[in-house]
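Below are the chains, spelled out letter by letter.
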Amino acid sequence: MSPTDASCRRCGQSLGGASYTFRSTEAATSITKCLRCALRHWPMLRRSLIASAVVGTALTALNQGDAILTGQISAALAWKIPLTYCVPFLVATYGALSNSRN
C-alpha cells in the first residue's frame, strides 16, 4: 500500500495529511489513524489522564495547598485548579501524538 492510498484504520478516511501510528494491543501489528481518530485512541488518552491526575494533584498541592487546607477557597481557585489538571493532560497528549506521527 503506497502512502497516497493509505486510510485510517478506524474511520476509513484517506491519510493524505498527517497520520499517527499506534501499537495494536491485539497483535504485533501497528494501527495507523487520522488526527481525529488518534485523539480518540483510548490507550493514549488513559495514559494522558493518569499523568494529568498525578502531576495535576502534585501541582495543586504545591501551589494551592495552603488555601485548600485553611478553607480559603476563592473564586480564582475555581478556574486555577481545573487548569492545573488540563495543562499536564495536553502536554502528555501532545507528546504522545508527536511521538507517533508519521
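An account of the accompanying structure is given in this report. (Residues numbered from 1 in each chain as written. Predicted model: local features only at pLDDT ≥ 70, side-chain atom pairs only at ≥ 80, totals over all residues. Heavy atoms only, no water.)

## A word on the side chain of Thr93
With respect to the secondary-structure elements, Thr93 resides in helix 3 (residues 75–100). Under the relative-accessibility criterion, Thr93 is labelled buried at 8%. In this structure the side chain of Thr93 is engaged in a polar contact, spanning 2.8 Å, whose partner is the backbone oxygen of Phe89. If we skip the residues at most four places from it in the chain, Thr93 touches Leu39, Met44 and Ser48. (Helix = DSSP H or I, 4+ residues; strand = E, 2+ residues; numbered from the N terminus. Buried < 20%, exposed > 50% of the residue type's maximum accessible area, 1.4 Å probe, protein only. Polar contact = N/O pair within 3.5 Å; in protein donor to acceptor, adjacent residues only side chain to side chain. Contact = heavy atoms within 4.5 Å.)

## Focus: the environment of Phe22
Position of Phe22 relative to the elements: it lies in strand 1 (residues 20–23). Phe22 gets classed as buried once you look at its relative accessible area, which sits at 7%. Sequence spacing of Phe22 and Ala53 is 31 residues, and the spatial spacing of their C-alpha atoms is 23 Å. Once you skip the residues sitting within four places of it in the chain, Phe22 turns out to touch Thr29, Ser30, Ile31, Lys33, Ala38, His41, Met44, Leu97 and Ser100.

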